[in-house]
Amino acid sequence: MAPKTSRAPLLSRRSVLKKGVAAVGSGAVALVSGDTAHAAQAAGQQTSNVVGQTFRAFVRHGSAASVEALRLLPIGGRQVVVRTQASQCCYTITAQALATTPAMPALVPGHGGVGIVEAIGPLVKRVQVGDRVLVCDTPQCGECYNCLRGRAYRCQSHLRNPTVPYAEMADGTPVHQNGNHGSFGEVMVPYEEYCVAISTDVSPAELSLLTCTGATGLSTTMSFAPVEPGSSVVVFGAGPVGLSAIQGARIMGATQIIAVEPIRYRREVALKVGATTVLDPNVDGDNLVKKIQDLCKGPTTADRRFSGFRDGVPGTIDIGPDFVIECSGGDLFPPKAEAGPDPTGKLALRQAWDVAPAGGDLFTVAVGQRGDISFPANNWSNRGRTHHAGQLGGLSMKRDLPRYVRLIERGLFDAKSLATATYPLDRTREAFQVTADRTTIAAVVVFG
Ligand SMILES: [Zn+2]
Ligand SMILES: [Zn+2]
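The shown structure was predicted, so the numbers you read here are calculated from the model rather than taken from an experiment. (Residues numbered from 1 in each chain as written. Chains lettered and ligands numbered in written order. Predicted model: local features only at pLDDT ≥ 70, side-chain atom pairs only at ≥ 80, totals over all residues. Heavy atoms only, no water.)

## Looking at the coordination of the zinc ion (ligand 2)
Put simply, the test is: Distances define the donors: N, O and S atoms within 2.8 Å of the metal qualify, as do those within 3.2 Å of Na, K or Ca. Water is excluded, so some sites may look unfinished. Irregular is the label for any site that misses the other tests, which are tetrahedral for four donors with all angles between 85 and 135 degrees, and square planar for four donors or octahedral for six when opposite donors exceed 155 degrees and the remaining angles lie between 65 and 115.
Here the zinc ion (ligand 2) is held by Cys 141 (SG), Cys 144 (SG), Cys 147 (SG) and Cys 155 (SG), and the distances to it run 2.3 to 2.4 Å. Given 4 donor atoms and angles of 104 to 117° at the metal, the environment of the zinc ion (ligand 2) is assigned as tetrahedral.

## Concerning the side chain of Gln 140
The cut-off we apply is this: For helices the rule is a DSSP run of H or I covering at least 4 residues; for strands it is a run of E covering at least 2, with both sets numbered from the N terminus onward. Here a polar contact is recorded for every N or O atom pair within 3.5 Å, except that within protein the pair must consist of a potential hydrogen donor and a potential acceptor, and residues adjacent in sequence are included only if both atoms are side-chain atoms. Here, two residues are considered to be in contact whenever any of their heavy atoms come within 4.5 Å of each other.
Tracing the backbone through its elements, the reader meets Gln 140 in the loop between β8 (132-135) and α4 (145-148). At 3.3 Å, the side chain of Gln 140 and the side chain of Ser 396 are in polar contact. Setting aside residues up to four positions removed in sequence, Gln 140 forms contacts with Arg 126, Cys 147, Ala 152, Cys 155, Glu 193, Ser 396, Met 397, Lys 398 and Arg 399.

## Let's talk about the coordination of the zinc ion (ligand 1)
We apply this condition: For each residue, the accessible area found with a 1.4 Å probe, counting protein chains only, is set against the maximum for its type, and the residue is called buried under 20%, exposed over 50%, and partly exposed in between.
The zinc ion (ligand 1) binds to the protein through Cys 90 (SG), His 111 (ND1) and Cys 212 (SG); the donor distances cover 2.0 to 2.3 Å. One chain supplies every donor for the zinc ion (ligand 1), spaced along it as C-x20-H-x100-C. Placement of Cys 90 in the loop between β5 (80-88) and α3 (94-97) and of Cys 212 in the loop between α5 (204-208) and α6 (213-224) is noted, with a sequence separation of 122 residues between them. As far as the burial class goes, Cys 90 and Cys 212 line up, both buried.

## What about the sheet that holds strand β4 (residues 64-72)?
Operational definition: Strand pairing is defined by DSSP finding a minimum of two bridges between the two strands. Interaxial angle, 0 to 180 degrees, is taken between N-to-C directions of lines fitted to C-alpha atoms, where a helix line uses only the stretch in contact.
A barrel is described by the order of its strands in space; here 5 strands give the closed sequence β3-β4-β9-β10-β6, paired in mixed fashion. Direction aside, neighbouring strands of the sheet carry axes that sit 50° apart on average. Across 2 bridges, the pairing between strand β6 (residues 104-108) and strand β10 (residues 174-177) is parallel. Across the sheet, residue Leu 107 finds its bridge partner in β10, namely His 176.

## Notes on the sheet that holds strand β17 (residues 361-364)
Taken in spatial order, the 6 strands line up as β15-β14-β13-β16-β17-β18 in an open sheet, and their pairing is parallel. Two strands close off the open sheet at either side, each with one partner strand: β15 (277-279) and β18 (386-389). Averaged over all adjacent pairs, the angle separating strand axes in this sheet is 15°, with direction ignored. In the sheet, strand β13 (residues 232-236) pairs with strand β14 (residues 256-260) via 5 bridges, with the strands oriented parallel. If you follow Val 233 over to β14, its bridge partner there is Ile 257. In the packing of helix α8 (residues 264-273) onto the sheet, the strands contacted are β14 and β15, and the crossing angle to β15 comes to about 165°.

## Topic: the pairing of β10
Across the two faces of β10 the burial differs, with Val 175 and Gln 177 buried and Pro 174 and His 176 not buried at all. In sequence, strand β9 (residues 167-169) turns back onto β10 through a hairpin of 4 residues, with Gly 172 there showing a positive phi of about 90°.

## So, the pattern of salt bridges
If the charged atoms of two oppositely charged side chains come close together, the side chains can form a pair. The criterion, for reference: Within this document, salt bridges are pairs made up of a side-chain nitrogen of Lys or Arg and a carboxyl oxygen of Asp or Glu, the two lying within 4 Å of each other.
Counted under the stated rule, the structure contains 17 salt bridges. Arg 56 is the salt-bridge partner of Asp 426, the closest N and O atoms lying 2.3 Å from each other. With Asp 426 in the loop between β19 (421-423) and α14 (428-437) and Arg 56 in strand β3 (residues 54-62), the pair connects residues that are 370 residues apart, well separated along the chain. Residues Arg 403 and Asp 400 are paired through a salt bridge, measuring 3.8 Å at the closest nitrogen-oxygen approach. Placement of both Arg 403 and Asp 400 in helix α13 (residues 397-409) is noted, with a separation of 3 residues, approximately one turn of the helix.

## Here's the deal with the confidence of the model for the protein
Threshold: Along the chain, pLDDT gives the predictor's confidence residue by residue, from 0 to 100.
Of all residues in the protein, 89% have pLDDT values of 70 or greater, and the mean over the chain is 88. Confidence drops under a pLDDT of 50 for residues 1-47, and excluding neighbours within four residues, the segment shows 90 contacts in the predicted structure.

## Regarding the packing of aromatic side chains
For any two aromatic rings, the description comes down to two numbers: the centre-to-centre distance and the angle of the planes. Quick reminder of the rule: Aromatic pairing here means that ring centres of Phe, Tyr or Trp (its six-membered ring) are within 6.5 Å. Orientation follows from the plane angle: under 30 degrees is stacked, over 60 is edge-to-face, and everything else is tilted. Two conditions define a charge located above a ring, namely a distance within 6 Å from the ring centre to NZ of Lys or CZ of Arg, and an angle within 35 degrees of the ring normal.
Enumeration according to the criterion identifies 7 aromatic pairs in this entry. One aromatic cluster is present, formed by Tyr 153, Phe 224, Phe 323 and Phe 363 through successive ring pairs. The residue whose ring lies beneath Arg 385 is Trp 353, and the NZ or CZ to ring-centre distance is 4.1 Å. For the cation-ring pair, Arg 438 lies above Tyr 91, with the distance from its terminal atom to the ring centre recorded as 4.3 Å.

## Considering the side chain of Thr 138
Residue placement: Thr 138 occurs in the loop between β8 and α4. By relative accessible area, which is 8% here, Thr 138 ends up buried. Here the side chain of Thr 138 touches Gln 391 through a polar contact of 3.1 Å, side chain to side chain. The contact partners of Thr 138, leaving out residues within four places of it in the chain, are Ala 152, Tyr 153, Tyr 194, Gln 391, Leu 392 and Met 397.

## Remarks on the packing of helix α7 (residues 240-252) against α8
The criterion, for reference: The scheme is simple: roughly parallel for angles under 35 degrees, roughly antiparallel for over 145, roughly perpendicular for 65 to 115, oblique for anything else. Each crossing is labelled by how the near helix is turned from the far one, with a counterclockwise turn of less than a right angle marking it left-handed and a clockwise turn marking it right-handed.
Two elements in contact, α7 and α8, have axes separated by 9 Å at closest approach and are oriented at 20°. By the criterion of interaxial angle, the relationship of α7 to α8 is roughly parallel. For the pair α7 and α8, the crossing hand works out as right-handed. Counting all contacts with α7, which are made through Leu 243, Ile 246, Gln 247 and Arg 250, the residues of α8 involved are Arg 266, Val 269, Ala 270 and Val 273.

## Thoughts on α6
Most of α6 is tucked away, with 12 of its 12 residues classed as buried. Among all positions in α6, only Thr 213, Gly 214, Ala 215, Thr 216, Gly 217, Leu 218, Ser 219, Thr 220, Thr 221, Met 222, Ser 223 and Phe 224 are buried. Where α6 is buried, its residues meet β5, α7, β16 (323-326), β17, β18 and α13.

## Side note on the environment of Asp 331
Among the secondary structure elements, Asp 331 is positioned in the loop between β16 and α11 (346-355). Put simply, Asp 331 and Asp 342 are 11 residues apart on the chain and 8.5 Å apart in space, counted from C-alpha to C-alpha. The contacts of Asp 331, once residues within four sequence positions are left out, are Tyr 91, Pro 343, Arg 370 and Arg 438. Within the structure, Asp 331 has its side chain in polar contact with the side chain of Arg 438 (distance 3.3 Å).

In structure tokens, the structure reads:
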């Protein structure tokens, strides 16, 4: 579906505040009730044709989850009303969406989505009505301490945003959004710092991957501590995050990319999108670390040194891949595809640590692990492994997401091979079920 290209006339924040209402373009009106004193002041005489509208959403309520008709409540001054085009089913929220967690107040799940801005609060400066936006799972406010020191992936704006209901069910039950940006509804209402305006005709399903999983993998290999050309990389886990990390490593010019994945069809996709070798952890078992180290030895003989020679005996920490990326995580549900060797996720973390050589870079970006893990104190202390651990792979969303859109447009990031199953809103539960079962790579709900 082509993006909406018509733009509403520019409207300055000052004029909005002066008028107390936002009259934007042909009938598209932004507004407002105050969740802040500013918003209340700006709102003045409230006028809106979006507040009160009804829309459908997949709602987790009590110990059930179903598609419900909701009524939109007044929005805050910094909030944005987005007409959703697509939303990706992130494994992280499968338990919440499938209602296997303890009963909770009504909430629309979400870990990012793509859509068109339909209305804005009077304090919004980042986007305009008519913009196509990526609503990212992690914000970048540009003002908090972590944003200012270049660590936007730990933006703290969410700690200050009021968590208020954005809609109500037919019986008046208030409905919240997961993380204040529930994307499994025809309308989502994020704060503006979650939004990045983009200009592209890439399909909604492909773009939706850039709001969490795909962006995580790409950021891990391209932005956090970028993979160097000609280097060797091992990626544990070939789900949507790992398959994106593999592609990021390929784009950056890695010449050896080893994927470790128990599920056969995922190993095949890994080879298709850039892995040079795939390994099954169930087959290699205790020999996995040594096998990866053997693959990364490079040309060395007893009597000849080549430039950049690598020495060391497999089984020690002196040899291994330059970049080690752990994307597998723990099982939230028993998979219906091939299960890995450790549902807690601890084994993959330990193997990733063990295979990272002295002087190498280790990235851990997966979630869902259970239990504790320990490392030899002396090796942990001073053997020169650099450990990067970050939300969304260290993403700086305002900087990185437009770049990643260009990578899809140029055919460098193959998002189509990852968005393997699309569903309408009415089948959202099914989309989350196949995500939990790991029988598809990435399930995406596409809105009509
Ligand atoms: Zn996610
Ligand atoms: Zn911030």
